[in-house]
Amino acid sequence: MGQYTNVFEKDNLPAERSGEDVDIILARLKCVKAFERFHPSLLQQICLCGFYECLEKGITLYRQGDIGTSWYAVISGSLDVKVSETANHQDAVTICTLGIGTAFGESILDNTPRHATIVTREFSELLRIDQREFKSLWEKYRQCMAGLLAPPYGVMESGGRSTDSEYKNYSDIRNVHLPYNVPSEKILRAGKVLRDAILSRAPHMIRDRKYHLKTYRQCCVGTELVDWQMQQSSSVYSRIQAVGMWQVLLEEGVLNHVDQELTFQDKYLFYRFLEDEQEDAPLPTEEETRESDEELQDTLLLLSQVGPDAHMRMVLRKHPGQRAADDLEIIYEELLHIKALSHLSTTVKKELAGVLIFESHAKAGTVLFNQGEEGTSWYIILKGSVNVVIYGKGVVCTLHEGDDFGKLALVNDAPRAASIEDFNRILRDVEANTVRLKEHDQDVLVLEKSPSSIQTSTHGTTTTPSHYKYTVMSGAPEKILEHFLEMMRLDSHLNESALDDFVLMHCVFIPNSQLCPVLMAQYPFKQERLDYTLNNKRRVIRLVLQWASVHGDHLQEEDASLAFLEEFFVSVSDDASVIPALKDQLPELEKLVKNSVPGLTVTPIVLCPHAVLFKVYCSDHTYTTIRVTVAASVREVISAVADKLGSAEDLLLVNLSSAGGEKVVLKPNDISIFSTLSINGRLFVCPRDQLDSLTPLPEQEGPSTGSLGSFELMSSKDLAYQMTVYDWELFHCVHEHELIYHTFGRQNFKKTTANMDLFLRRFNEIQLWVITEICLCAQLSKRVQMLKKFIKIAAHCKEYKNLNSFFAIIMGMSNPAVSRLSQTWEKLPSKFKKFYSEFESLMDPSRNHRAYRLTVAKLDPPIIPFMPLLIKDMTFTHDGNKTFIDSLVNFEKMRMIANTVRIVRYCRSLPFEPSQTSKNHPDVRSYVRQLTVIDNQRTLSQLSHRLEPRRT
């Protein structure tokens with residue numbers, strides 16, 4: 001973000017921003033999907049005149065009644081919109097929250113007072129345009145901006161208001177809220193391609209059919225359509241996915257149920273293509289049949305991308321009472337990624353999945369509810385936008401995809417603002433099924449009760465819960481541990497997920513130094529009831545084995561943990577001589593202690609040694625080499641350097657980027673700083689008065705010529721394979737706990753995340769490698785060949801299930817320094833353009849990267865996942881949920897984060913076996929492990945503009 005803020009902070013003379021500056025800003029804005037609404041020409045002008053603002057939580061941007069001076073758009077974070085009915089700002093009520101991509105402040109066009117007070121809800125980044133520039137943009141791009149601004153400046157058709165009284169029952173709502181009236185040209189064409197393919201490959205599927213003495217002409221059967229679609233493409237991997245793809249056609253009227261049902265079903269039901277609704281529908285020509293295969297694959301790919309959304313709408317249109325378990329799971333998965341719901345418990349989200357209803361309002365201007373009405377519903381925007389209007393003030397803001405509204409009245413029971421009855425019932429039910437264990441009138445353990453199995457009566461007519469299971473929601477650490485030990489099943493060899501959650505996450509709320517004494521105290525010494533004592537001992541032994549297995553080599557760094565293991569082993573050994581039943585667990589425990597806790601089955605070896613040699617540079621570019629631990633703090637590094645230099649001055653340790661302008665003075669308590677440097681970043685040490693004189697080393701600029709000579713001699717497959725081998729080594733070394741340290745802040749654990757830092761750094765390195773090689777290739781024809789080669793390498797990485805490098809390559813090619821090379825892209829063969837387009841679609845961030853998640857869901861391990869997205873998932877859960885609730889550990893949060901960590905474990909559950917067919921090319925192996933790159937976006941943009949100057 002540093003280069004981005006640097007170019008944006010040329011506040012005094014924005015006109016001096018160069019084409020390279022604009023590209024850097026444009027690259028950042030394009031990462032925010034909501035800005036796709038902006039016309040490209042308008043977005044480019046905004047990059048020329050916009051200013052950057054970053055605000056901490058709780059900052060008031062402006063107050064209700066102020067005369068505005070600027071227009072804003074949210075780049076990151078969120079802001080609360082507060083409105084007061086009195087002159088006192090203290091009476092202001094939050095009516096909604098503005099999320100990423102939201103634009104506001106257009107009242108500056110006519111100098112009317114601000115309609116609301118805007119306050120940052122969290123750390124936020126904003127794009128600001130001053131009034132004079134904004135008015136100029138409005139005059140020049142009025143037509144483009146009308147669709148972005150709220151009325152009266154934006155486009156708003158008059159429309160009637162929908163009320164619940166208009167609909168007599170649920171089916172009426174479903175019928176009125178159909179999303180489409182006229183099929184889009186794209187989906188109309190998709191229907192024709194599918195119909196032609198069926199007629200040419202399986203003509204028997206479309207024929208007249210009889211059912212209950214009635215003939216239905218030219219129909220298909222739902223189950224047959226699903227079967228056929230799954231046979232046509234590997235991109236269709238499940239029947240549920242195929243149902244969603246056919247639902248797209250059904251929603252737009254390109255495929256119709258003979259009785260006008262609104263949902264496609266994988267059953268013996270009859271469906272008819274739109275073309276077959278007319279008599280003597282045309283058959284496909286021979287030419288259309290010959291050309292149909294390639295277009296069929298394109299069509300199936302298109303439908304596979306839009307199908308999940310259609311399937312989601314289909315599920316939400318069902319009456320809540322008719323939703324199957326699979327339907328509820330689909331809705332629940334969607335709710336997991338909606339920020340407005342992140343603070344709600346899993347139970348509440350699952351209950352909401354049963355009551356949410358889909359609404360589609362196709363006509364702009366439809367009023368959902370009026371100010372002052374009693375609140376009955378809470379809305380979440382899946383697609384489109386909603387204006388918030390206050391009487392006497394007009395439109396105060398516009399909400400977009402992912403924003404919610406109406407929640408305030410729902411939870412406060414206030415006028416206007418899931419049905420309130422449903423929501424209140426859910427909260428009542430959750431509380432009724434909550435078991436609270438107290439000590440000294442204080443909650444120490446909170447459990448949720450739910451039926452664990454259903455038992456059918458002898459008559460086979462009624463079902464009743466046979467018993468209940470209790471899930472930990474929150475509690476004191478010791479009480480959570482006691483509960484899991486009591487509930488542990490000794491007769492089961494399965495890895496109990498709840499216990500695994502505790503073992504994975506306990507470092508957050510009870511570190512090993514505190515856990516070890518608690519475990520020792522849980523190991524019973526009394527022999528009063530042998531059977532009871534035996535089972536308790538075996539449970540503690542099993543827990544200790546699992547704990548040591550997960551921690552692995554990391555325990556070697558903790559003297560207290562090793563001392564505990566030795567003490568525990570002695571106690572178990574002594575007991576085993578008296579209680580023979582304990583002897584079966586003793587060998588594993590003995591092996592564990594004797595080997596000083598080596599890496600076990602689920603724990604990878606640690607890549608980084610405990611100590612590293614590292615160069616630290618001085619202002620005159622001389623350097624000193626020091627030896628420190630991987631997790632060394634800045635204070636320890638400075639001390640080691642001072643000893644070497646014989647300096648007694650007060651020194652600073654500085655992270656200096658290749659751009660030179662980014663000098664980050666590191667804090668004394670920062671740790672593992674070596675692994676967090678940028679690709680070409682270097683560490684400098686200097687007195688404070690020399691800070692401004694620090695300059696980058698010449699080597700930090702990166703290469704001046706590309707590696708085309710050697711690169712073009714290597715095969716794409718060999719490059720992809722050797723990249724995968726190296727990436728697997730890095731990925732395999734990432735300890736599960738490093739993800740947790742990274743999410744919660746490694747400074748809170750005094751632990752290193754060096755292995756994960758190196759793996760994340762590798763992603764950036766590959767991305768920059770792609771950009772560097774293309775921008776250093778002066779010859780147009782060679783650049784085209786290079787584009788083709790990178791697309792091939794990406795395809796092979798995907799084939800090897802190396803999604804981390806696959807995404808890095810595609811993101812490198814979509815960087816503005818490469819994507820702007822129009823002459824190069826124009827000469828790329830259409831086949832490769834198609835491949836690139838397909839790969840780009842997998843990067844689509846909409847619906848929480850659904851395209852990527854669907855792709856990963858059908859892969860078997862070993863897999864190298866797209867690690868930045870896993871980090872984002874964990875951060876989303878962490879930011880949206882408190883770690884402690886009323887001084888108790890929020891164990892539901894621990895469970896959600898542990899589920900993400902287990903994705904990493906699943907990806908590595910099978911080893912990556914070197915291919916027998918792949919030759920060992922030492923030159924290729926060496927090349928992919930020593931990539932040289934330019935990591936300065938400005939330099940890359942300048943190189944790009946030299947290759948293909950901006951067209952005027």
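Under an unreviewed UniProt entry, the name given to the protein chain is Rap guanine nucleotide exchange factor 4, and the source organism is Oncorhynchus tshawytscha. You can read under Function (unreviewed entry) in the UniProt record for the protein chain the words "Guanine nucleotide exchange factor (GEF) for RAP1A, RAP1B and RAP2A small GTPases that is activated by binding cAMP. Seems not to activate RAB3A. Involved in cAMP-dependent, PKA-independent exocytosis through interaction with RIMS2." According to UniProt, the comment filed for the protein chain under the heading Sequence similarities (unreviewed entry) is "Belongs to the RAPGEF2 family."

Burial runs high along strand 4 (residues 79-83): four of the five residues are buried. Of the pairings in the sheet, the one linking strand 4 to strand 5 (residues 93-98) comprises five bridges and is antiparallel in character. Paired with L79 across the bridge in strand 5 is L98. Examined bridge by bridge, strand 4 and strand 7 (residues 117-120) share four bridges and lie antiparallel to one another. The residue bridging V81 from the neighbouring strand is I118, located in strand 7.

The strand order across the open sheet built from four strands is 9-10-12-11, with neighbouring strands paired in antiparallel fashion. Only two strands of the sheet have a single neighbouring strand rather than two, namely strand 9 (207-211) and strand 11 (255-257). Recorded for the sheet is a direction-independent mean angle of 55 degrees between the axes of neighbouring strands. Sheet contacts for helix 8 (residues 222-232): strand 9, strand 10 (214-221), strand 11 and strand 12 (270-273); angle to strand 10, the most-contacted strand, approximately 20 degrees.

Next up on the list: the side chain of H849. Structurally, H849 is set in helix 32 (residues 846-857). The exposure class of H849 is buried, given its relative accessible area of 11%. Apart from the residues within four sequence positions on either side, H849 is in contact with M843, D844, L869 and K872.

What follows concerns the nonpolar core. Membership of the largest hydrophobic core comes to 130 residues, with the highest contact counts inside it found for M505, W547, F568, W769, F790, I793 and I809. With eleven residues, helix 26 (residues 754-775) is the largest single contributor of residues to this core. Not counting the four nearest positions on each side in its chain, F790 is found in contact with F711, W769, V770, E773, I774, I809 and M813. Within the second largest apolar cluster, 33 residues are counted, among which are M205, V236, V243 and L296.

Moving on to helix 20 (residues 559-578). Its 20 residues give helix 20 an end-to-end C-alpha distance of 30 Å, which sits within 8% of 28 Å, the value for a rise of 1.5 Å per residue. Restricting attention to buried positions, one finds in helix 20 the residues S561, F564, L565, F568, F569, S571, V572, D575 and A576.

Here the focus is the pairing of strand 8 (residues 124-130). Burial runs high along strand 8: six of the seven residues are buried. Bridge count for strand 3 (residues 70-76) against strand 8 is six bridges, and the pairing is antiparallel. Each residue of the ladder has a partner; that of W71, found in strand 8, is I129.

Where empty space is left in the structure can be found by rolling a water-sized probe over the atoms. Counted as a void, the largest cavity has a volume near 30 Å³. Lining the largest cavity we find F502, V503, H506, L515, L519, L543 and W547. Within the residue set of the lining of the largest cavity, elements represented by two or more residues are helix 17 (497-509), helix 18 (512-522) and helix 19 (530-551). With three residues, the top contributor of residues to the lining of the largest cavity is helix 17. Among the residues making up the lining of the largest cavity, the classes are represented as six nonpolar, one polar and no charged.

Right, let's talk about the sheet that holds strand 6 (residues 103-104) for a bit. The strand order across the open sheet formed by four strands is 1-8-3-6, and the pairing between neighbours is antiparallel. With partners counted over all chains shown, the strands left at the sheet margins are strand 1 (51-55) and strand 6, one partner each. In this sheet, strand 6 lies alongside strand 3 in antiparallel orientation, the contact comprising two bridges. The partner of A73 across the bridge, within strand 6, is A103. Sheet strands touched by helix 4 (residues 131-140): strand 3 and strand 8. Its angle to strand 8, the strand with the most contacts, is close to 75 degrees.

So, about the environment of V637. Here V637 shows up in helix 22 (residues 634-645). The spacing of V637 and L653 is 16 residues in sequence and 8.2 Å in space, taken between C-alpha atoms. Ignoring anything within four residues of it in the chain, the contact list for V637 reads V616, I626, A632, L653, I673 and F674.

Overall, the coordinates contain 39 aromatic pairs when judged by the stated rule. Between the aromatic rings of W71 and F134, the centroid separation amounts to 5.0 Å while the plane-to-plane angle is 25 degrees, which identifies the pairing as stacked. One end of the pair, W71, is in strand 3; the other, F134, is in helix 4, with 63 residues separating them in the sequence. Judged by relative accessible area, W71 falls into the buried class, the value being 2%. On the basis of relative accessible area, F134 is assigned to the buried category, the value being 0%. Ring centres of F509 and F891 lie 6.4 Å apart, and the angle between their planes is 75 degrees; this geometry places the pair in the edge-to-face category. With F509 in helix 17 and F891 in helix 34 (residues 891-907), the pair connects residues that are 382 residues apart, well separated along the chain. Each member of the pair, F509 as well as F891, is classed as buried. Here the basic side chain of R114 rests over the ring of Y62, its NZ or CZ set 4.0 Å away from the ring centre. The cationic tip of K615 hangs over the ring face of Y623; the distance from NZ or CZ to the ring centre is 4.6 Å.

Let us now look at the packing of helix 18 against helix 20. Helix 20 packs onto helix 18 with a crossing angle of 10 degrees between their chain directions and a minimal axis gap of 10 Å. Regarding the angle of helix 18 to helix 20, the classification is roughly parallel. Here N512, C516, L519 and M520 of helix 18 come into contact with helix 20, specifically with S561, F564, E567, F568 and S571. Grouping the constituent residues of the contact of helix 18 with helix 20 by class yields five nonpolar, three polar and one charged.

Definitions and limits used
- Residues numbered from 1 in each chain as written.
- Predicted model: local features only at pLDDT ≥ 70, side-chain atom pairs only at ≥ 80, totals over all residues.
- Heavy atoms only, no water.
- UniProt positions renumbered as here; feature names shortened; annotations may be inferred.
- Buried < 20%, exposed > 50% of the residue type's maximum accessible area, 1.4 Å probe, protein only.
- Helix = DSSP H or I, 4+ residues; strand = E, 2+ residues; numbered from the N terminus.
- Pairing = 2+ DSSP bridges.
- Axes fitted to C-alpha atoms, helices over the stretch in contact; angles between N-to-C directions.
- Contact = heavy atoms within 4.5 Å.
- Core = buried A, V, L, I, M, F, W, Y, C linked by side-chain atoms within 4.5 Å.
- Expected span 1.5 Å × (residues − 1).
- 1 Å grid on protein atoms, 1.4 Å probe; cavity = no way out; pocket = protein on both sides within 12 Å on 5 of 7 lines; lining within 4 Å.
- Points joined across faces, edges and corners; volume = space filled by probe spheres on them.
- Nonpolar A, V, L, I, M, F, W, Y, C, P; charged D, E, K, R; others polar.
- Phe/Tyr/Trp six-rings, centres within 6.5 Å; stacked < 30°, edge-to-face > 60°.
- Lys NZ or Arg CZ within 6 Å of the ring centre and 35° of its normal.
- Parallel < 35°, antiparallel > 145°, perpendicular 65-115°, else oblique.

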